[in-house]
Amino acid sequence: MNPYAQLILFASLAVIVAAPILFGAMGMWRSRSVASAATVGPAGPWRWQRTLHSSLLYALSFSLIFFIQELFLVVPKALTPGLRATLYHNNHNWTGDNPLAHLFQGTGALAILLTALGFVAWLKLRPPRTETARLFAIWMAFHGFFQSLPQVVVGAVLPQNDVGMAFGYLQLADTTKLVAGLIALVVIAAIAIGFAAPLLALARDPAEVATPGRRSGFMFRMATLPALLALPLIVAMRVPGSLDQVAIVPVAEFVIGVFWLQAYAWCAQPRRVGQAEPASSIAGVLSLVIAQLLIFQFALRPGIAFY
């Protein structure tokens, strides 16, 4: 392993594993010096429907972001002379030869990064009124960032990666790719921390997130557990396929992003708590997930040719 790859590997381990553990430990220690749960009043009972609701939206937005990525990997190739592209439920493929194909391997990550920025702008400039819409916007932004930025890190050391192919076409020097990968790691940590506050703000009452322990518990019920429950749904939309096509991306995203959310919940300070209107039913979201599963398995799985 060359020195650049070793540096990226060590930095990745620090950002993905060591730093969340450190934040979690700091939060637990800090929680001893703040008000106890007894001094802030009861938090009220938790409704399991909220966890399931978040889980369904997590699964829905994951596959939607993945579809946007693959669509924007296919369309530029389809418009390029000499290339014939096909879109699948868990990948895409192309035939023919054109040097631009390698450059266009980076357009998918760019498209979902821009999508994530668009949803962040929606959350910042005009926050949705309902919990359903806010969760959808949060998870769309979350998946957009955490399906795109890790590709920059991997692409810095693996030329076969999609973004790595784009880097190769652009003939970037090893040091340039190293800097890009390290910057992406810092941004990953910063963005993961940034999602903690809007998720905690979904609390219906300030007492739900009044102490570090309660914030950690709220994050587990609203993000960590829903993400775990969503993994089988996400995999169901992506099978059959190789391990990297089916499971590696959703599991890696969970480890990279959700671990940070859970660890930082101890330290986060929620704002504007209780402003979102409660979701009335999970039936609508469930129907969308079922429709998405059917589209992925019956329309996309055989492949849609863009030629």
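Calculation criteria
Residues numbered from 1 in each chain as written. Predicted model: local features only at pLDDT ≥ 70, side-chain atom pairs only at ≥ 80, totals over all residues. Heavy atoms only, no water. Helix = DSSP H or I, 4+ residues; strand = E, 2+ residues; numbered from the N terminus. Contact = heavy atoms within 4.5 Å. Pairing = 2+ DSSP bridges. Axes fitted to C-alpha atoms, helices over the stretch in contact; angles between N-to-C directions. Expected span 1.5 Å × (residues − 1). Bend = angle between axes of the 7 residues up to and from the residue. Salt bridge = Lys/Arg side-chain N within 4 Å of Asp/Glu carboxyl O. Buried < 20%, exposed > 50% of the residue type's maximum accessible area, 1.4 Å probe, protein only.

Chemist: Honestly, the side chain of Thr 80 in this entry has me stumped. Any pointers?
Modeler: Within the element layout of this structure, Thr 80 appears in the loop between helix H2 (48-78) and strand S1 (83-87). Contacts of Thr 80, omitting those with residues within four sequence positions, involve Asn 98, Leu 100 and Phe 104.

Chemist: I would appreciate a short explanation of the sheet that holds strand S2 (residues 92-96) in the present structure.
Modeler: Sheet strands associate in pairs through backbone hydrogen bonding, adopting either a parallel or an antiparallel arrangement. Strands sit in the order S2-S1-S3 across an open sheet of 3 strands; the sheet is antiparallel. One side of each edge strand has no neighbouring strand; the edge strands of this open sheet are S2 and strand S3 (304-305). Inspection of the sheet shows S1 paired to S3 by 2 bridges, in the antiparallel sense. Counterpart to Leu 87 in the pairing with S3 is Ile 304. Together, S1 and S2 form the strand contacts of H2, whose direction differs from that of S1 by roughly 160°.

Chemist: Honestly, helix H9 (residues 212-238) in this entry has me stumped. Any pointers?
Modeler: In an α-helix, one turn spans 3.6 residues, which is why side chains three or four residues apart end up on the same side. Taking 1.5 Å per residue as the helical rise, H9 with its 27 residues ought to reach 39 Å, and the 37 Å between its terminal C-alpha atoms agrees with that figure. A bend of about 45° at Phe 220 is the largest found in H9.

Chemist: What is the right way to look at the pattern of salt bridges in this model?
Modeler: For side chains bearing opposite charge, pairing can occur when the charged atoms are close. Counted by the stated rule, this structure contains 4 salt bridges. For the salt bridge of Arg 50 with Glu 208, the shortest nitrogen-to-oxygen distance reads 3.7 Å. In this pair, Arg 50 sits in helix H2 while Glu 208 sits in the loop between helix H8 (196-200) and H9, placing the two residues 158 residues apart along the sequence. For Glu 208, a relative accessible area of 7% translates into the label buried. Among the charged side chains, a network of salt bridges with common partners joins Arg 50, Glu 131, Arg 204 and Glu 208.

Chemist: What should I look at first to understand the pairing of S1 in this one?
Modeler: Residues in a regular strand project their side chains so that they alternate between the two faces of the sheet. Judged by how many residues are buried, S1 sits mostly within the fold: 4 of 5 residues are covered. Here S1 runs beside S2; their pairing, made up of 5 bridges, is antiparallel. Following the sheet pairing, Arg 84 is matched in S2 by Thr 95. Linkage of S1 to S2, two consecutive antiparallel strands, is achieved through a turn of 4 residues.

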